[in-house]
Amino acid sequence: MANSVEVSGFIFSILDRIGTKSEGVEYYLQLLERYDSFDNMKKYHIEKKAEPWKVDVKLQPLSGCMVKIKGSILEENIEYISLDKIGP
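Visitor: So what's going on with unusual backbone geometry? Residues and values would help.
Guide: In this model, Arg17 sits at a positive phi of 55 degrees, which is unusual for a non-glycine residue. Structurally, Arg17 can be placed in the loop between β1 (3–16) and β2 (24–31). Overall, Arg17 belongs to the partly exposed group, its relative accessible area being 24%. Residue Glu75 is not a glycine yet carries a positive backbone phi of 60 degrees.

Listed below in structure tokens is the structure:
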């Protein structure tokens, strides 16, 4: 069962499934905590609301921004309900 949460962090994206028909962007949330390396940081995959090969029109403009996400977490995935940019 998924837990309803409100978390803040930095959204970043990576190109995934390179060389396939479903090649596309995947989005992640890095939580606002200190880490000694990229591999040790707490990050969640954000379930996008688009086909695998398309961008998510709500997430894409926020890639590279600090955000507050309301949604549900199941294991290492976040399904968002709302997104709010933090700061300028």
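Visitor: Now, about the environment of Ser63: what can you tell me, with residues and values included?
Guide: Looking at the secondary structure, you find Ser63 in the loop between β3 (43–47) and β4 (66–74). Between the C-alpha atom of Ser63 and that of Tyr27, which follows or precedes it by 36 residues, the distance is 7.8 Å. Once you skip the residues sitting within four places of it in the chain, Ser63 turns out to touch Ile11, Phe12 and Ser13. At 3.2 Å, the side chain of Ser63 and the side chain of Ser13 are in polar contact.

Visitor: Would you mind going over the pairing of β4 in detail, with residue names and values included?
Guide: Here β4 pairs with strand β5 (residues 77–85) via eight bridges, running antiparallel. Residue pairing across strands places Ile73 opposite Ile78, the latter belonging to β5. Hairpin connection of β4 to β5: two residues between the antiparallel strands, including Glu75 at a positive phi of 60 degrees.

Visitor: Residue-level account of the pattern of salt bridges, with values.
Guide: Taken as a whole, this structure holds five salt bridges when the rule is applied. Of the charged contacts in the structure, one is a salt bridge between Lys70 and Glu6, with a shortest N-O distance of 3.9 Å. Taken together, the positions of Lys70 in strand β4 and Glu6 in strand β1 put the pair 64 residues apart, joining distant regions of the chain. Linking Glu76 and Lys42 is a salt bridge whose minimum nitrogen-to-oxygen distance equals 3.3 Å. Pair noted here: Glu76 is in the loop between β4 and β5 and Lys42 is in the loop between β2 and β3, with a separation of 34 residues, a long-range link.

Visitor: Give a detailed account of the pairing of β5, specifying residues and quantitative values.
Guide: Summarising the sheet, β3 and β5 pair through three bridges and their orientation is parallel. What sits directly across from Glu47, in β5, is Glu79.

Visitor: Can you break down the side chain of Glu26 residue by residue, with the values?
Guide: In this structure, Glu26 sits in strand β2. Classification of Glu26 by relative accessible area gives buried; the value is 9%. Looking at Glu26, its side chain comes within polar contact range of the side chain of Arg17, at 2.8 Å. Separated by 2.6 Å, the side chains of Glu26 and His45 make a polar contact. Not counting residues within four places of it along the chain, the set of residues in contact with Glu26 comprises Phe12, Ser13, Ile14, Asp16, Arg17, His45 and Lys48.

Quick notes on the rules
Within each chain, residue numbers correspond to sequence positions counted from 1 in written order. Note on the predicted model: pLDDT of at least 70 is required for a residue's local features to be given, and 80 or more for side-chain atom pairs to be given and counted; whole-chain, interface and lining totals, by contrast, use all residues. Excluding hydrogens and water, the side-chain values take into account all heavy atoms of the structure. The way it works is that DSSP assigns letters per residue, a run of H or I at least four long becomes a helix, a run of E at least two long becomes a strand, and they are numbered from the N terminus. Type-normalised accessible area, obtained with a 1.4 Å probe on protein chains alone, sets the label of each residue: buried when under 20%, exposed when over 50%, and partly exposed for intermediate values. Any pair of residues with heavy atoms lying within 4.5 Å of one another is described as a contacting pair. Counted as a polar contact is a pair of N or O atoms within 3.5 Å, where, for protein atoms, one must be capable of donating a hydrogen and the other of accepting one, and residues adjacent in sequence contribute only when both atoms are in side chains. What makes two strands pair is DSSP finding at least two bridges between them. Here a salt bridge means any side-chain nitrogen of Lys or Arg lying within 4 Å of a carboxyl oxygen belonging to Asp or Glu.

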